[in-house]
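Analysis of the macromolecular model
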Amino acid sequence: MAETLSFTADAVVVGSGPGGATTARALAKAGKKVMLLERGLDHRDRSYYGTYVGALMYSDRMSLLFTKEGLQIVRPLMLGGATGMYCGCAARPPAWLKRKYKIDIDKEVLETEKELSIAPLPADLRGKASTRIAEAAGDLGYRWYAQPKFMQPSRSGHFDCTASCVLGCRCGAKWNAAEYVDEAAGYGLELLTGARVKRVLVEGGQAAGVEGRMGMKAFTVRAGTVVLAAGGIGSPRILQESGFGDAGAGMTMDTTVMVYGFIKDRGIGKEPPMTWSWENDEDGYMLSTLIDPWLLYPLGAVRVGLRHALKWPRWGNILGVMIKLKDDISGGVYPKYISKQLTAGDRSRLSKAEALCKRILLKAGADSSSIFTRPLMGTHPSGTVRIDTMLDKNLMTGTRGLYVCDASVFPESLDRPTVLTIIGLGKRLSGHIIKQKK
């Protein structure tokens, strides 16, 4: 029989993305014995990190993860979670989170903005073509803003941020949640990578730890506080295995798509992604400057039509506007598959957003015959263990000591970058846990 590894801790945190890393760091700093379990590995400083090959290695199913309906989901499995493959964008939580759900993380968010020097890139680094799109939108009456970033060019010896930033940051300018894990290690945090958690242990209505596997070895971690931060897909599946049948029922995805148009001048591919943005809270979508990296462009374009894929040699001349929808709760995450349907409301939002994107691209000088919309993607699997449905306002389940802190807790689609909101929730949660244990 294979050896079973046994550990004990005050708290066990599952997942090292922004929620898990933030919570683990704060608990360790407060003197708690904390174990952090991460399914993926630490790929930073590897020669392949930030390359196309690397992205295949550390994304779930080599980026070929699809919903039952064919919606592609890019799900990083690595130390730092989604922050290993994000655009480094920061957005404050939507006002409805505090107004409607009484979740106030303003203090934690402002603290994080100061701590990580969150701010837009300097004007000369936002990209001429990207700025051209923002100015075209402004000419049409839509005031875009310079997108705040988890990015400091001064940290980089050679700032070289392009569309391939989403594969992983190679220049060192972009903040990664793994940095919080590094800091927490200095406070005594114990990290296990390659640790796949299967279920939560519950005894007498109280969380008692987790169990799972590392390679061929089973492991058990005994702890009175369990924080699931395995993401909008991982956390509900662990809860399902633990007897929480409602976990994963319904989800949001911030369903995302890009509208492309070609110009004769240089496009936005060699510029930092998402340097300019605009939010339409009334109609429920966000727009920003973004295109696929060079090698990924034909893989998406060919699904629309061969003629668009054949424009690959002109990738350097693309203008792109991303649409991020505030999609309705639908479908869900299940043990063997993921389902996500677009509702009638989602399609209406998408239609309005596409029409506006085309107007902006035409105003920016794109050839009208070149404009097309790539296939939809699922960028933020979330809302699968929702506040006010499965969690109380302190992010605790019906089991004492069992918490969730990741995108799965969102009661609605954020339709904007999620990381700053998740960090704020992590800081708020860790403060609650520390107070409860005193």
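Residues numbered from 1 in each chain as written. Predicted model: local features only at pLDDT ≥ 70, side-chain atom pairs only at ≥ 80, totals over all residues. Heavy atoms only, no water.

Take the overall build of the protein next. Helix and strand content of the protein: eleven helices and 23 strands. For 438 residues, the compact-globule estimate of 2.2 N^0.38 gives 22 Å, and the C-alpha radius of gyration of the protein, at 21 Å, lies within 12% of that figure. Along the longest, intermediate and shortest principal axes, the C-alpha atoms of the protein span 65 × 50 × 45 Å. Looking at the 438 residues of the protein, the share that counts as buried comes to 61%. Within the protein, residue pairs in contact and separated by at least 24 positions form 75% of the contacts whose partners lie at least 6 positions apart. Only carbon and sulfur atoms are counted for the fraction: they give 53% of the accessible area of the protein, which is about 17,700 Å². Looking at the protein, you have 59 positive and 43 negative side-chain charges, and the mean spots of the two groups are 2 Å apart. (Helix = DSSP H or I, 4+ residues; strand = E, 2+ residues; numbered from the N terminus. Rg over C-alpha atoms; globule rule 2.2 N^0.38 Å. Buried < 20%, exposed > 50% of the residue type's maximum accessible area, 1.4 Å probe, protein only. Contact = heavy atoms within 4.5 Å. Areas by Shrake-Rupley, 256 points an atom, 1.4 Å probe, with all protein chains shown as cover. Lys, Arg positive; Asp, Glu negative; His and termini not counted. Charge placed at Lys NZ, Arg CZ, Asp CG, Glu CD.)

Another aspect to go through is helix α6 (residues 178–185). Within α6 the residues assigned to the buried category are Ala178, Tyr180, Val181 and Ala184. Mapping the buried residues of α6 onto a view down its axis gives an arc of 150°, with all of them on the same face. (Arc of directions from axis to C-beta.)

On a regular strand, each side chain points to the face opposite its neighbour's, so the side chains alternate between the two faces of the sheet. Where strand β14 (residues 249–251) lies against strand β19 (residues 330–333), two bridges are found, and the strand directions are antiparallel. Paired with Ala249 across the two strands is Gly332, which belongs to β19. Pairing of β19 with strand β20 (residues 338–339) involves two bridges; the strand directions are antiparallel. Within β20, the residue paired with Gly332 across the bridge is Ser339. Between β19 and β20, which pair antiparallel one after the other, the connecting turn spans four residues. (Pairing = 2+ DSSP bridges.)

Our focus in this paragraph is unusual backbone geometry. Its identity is not glycine, yet Arg61 carries a phi of approximately 55°, on the positive side. Turning to its location among the elements, Arg61 is positioned in the loop between α2 (52–58) and β4 (65–66). Of the residues examined, Arg61 reaches a relative accessible area of 54% and is grouped as exposed. Although it is not a glycine, Lys102 adopts a positive phi angle of roughly 60°.

With that out of the way, let us pick up the pairing of strand β13 (residues 225–228). Because side chains alternate across β13, one face comprises the buried residues Thr225 and Val227, and the other comprises Val226 and Leu228, equally buried. Note that strand β2 (residues 11–14) and β13 share four bridges and pair parallel. In the strand pairing of β13, Val14 is matched with Leu228. Where β13 meets strand β23 (residues 402–404), three bridges bridge the pair, whose relative direction is parallel. By the bridge assignment for β23, Val227 is matched with Tyr403.

It is at 9 Å that the axes of helix α1 (residues 18–29) and α6 come closest, and there the two elements cross at 15°. Classed by the angle they form, the pair α1 and α6 counts as roughly parallel. Crossing handedness for the pair α1 and α6: left-handed. Between α1 and α6, the contacting residues are Ala21, Thr22, Ala24, Arg25 and Ala28 on the first element and Tyr180, Val181, Glu183 and Ala184 on the second. Looking at the contact of α1 with α6 residue by residue, the class counts come to six nonpolar, one polar and two charged. (Axes fitted to C-alpha atoms, helices over the stretch in contact; angles between N-to-C directions. Parallel < 35°, antiparallel > 145°, perpendicular 65-115°, else oblique. Left-handed = near helix turned anticlockwise from the far one by under 90°. Nonpolar A, V, L, I, M, F, W, Y, C, P; charged D, E, K, R; others polar.)

A few words on the sheet that holds strand β1 (residues 4–8). Here we have four strands laid out as an open sheet, ordered β1-β12-β11-β10, and mixed in their pairing. The sheet is open, and its two edges are formed by β1 and β10 (196–203), each paired on a single side. Strand-to-strand, the axes of this sheet are offset by a mean angle of 20°, without reference to chain direction.

Per the stated rule, a full pass over the model turns up 28 salt bridges. For Glu183, the salt bridge identified is with Arg25, shortest N-O distance 3.0 Å. With Glu183 in helix α6 and Arg25 in helix α1, this residue pair connects regions lying 158 residues apart in the sequence. A relative accessible area of 30% places Glu183 in the partly exposed class. Residues joined by salt bridges that share partners form a network here, namely Arg25, Glu111, Glu115, Glu183 and Lys427. (Salt bridge = Lys/Arg side-chain N within 4 Å of Asp/Glu carboxyl O.)

Our focus in this paragraph is the nonpolar core. Among the nonpolar cores identified, the biggest contains 73 residues, and Leu37, Phe150, Trp175, Val210, Phe219 and Leu228 are the most heavily contacted of them. Top contributing element to this core by residue count: helix α11 (residues 419–437), with eight residues. In this structure, Cys87, Met274, Ala353 and Phe372 belong to the second largest nonpolar core, which totals 47 residues. (Core = buried A, V, L, I, M, F, W, Y, C linked by side-chain atoms within 4.5 Å.)

Evaluation of the coordinates by the stated rule reveals twelve aromatic pairs. Measuring from centroid to centroid gives 5.7 Å for Tyr49 and Tyr58, while their planes differ by 50°, and the two rings are tilted. Using a relative accessible area of 8% as the deciding quantity, one classes Tyr49 as buried. Judged by relative accessible area, which is 1%, Tyr58 ranks as buried. Ring plane angle 70° and centroid distance 5.1 Å describe the contact between Tyr142 and Trp278, whose orientation is recorded as edge-to-face. Of this pair, Tyr142 sits in the loop between α5 (128–139) and β7 (145–146) while Trp278 is found in strand β16 (residues 276–280), placing the two residues 136 residues apart along the sequence. The rings of Tyr86, Phe150, Trp175 and Tyr180 are connected pair by pair, giving a single aromatic cluster. The side chain of Arg25 reaches across the aromatic face of Tyr180, ending 3.7 Å from its centre. (Phe/Tyr/Trp six-rings, centres within 6.5 Å; stacked < 30°, edge-to-face > 60°. Lys NZ or Arg CZ within 6 Å of the ring centre and 35° of its normal.)

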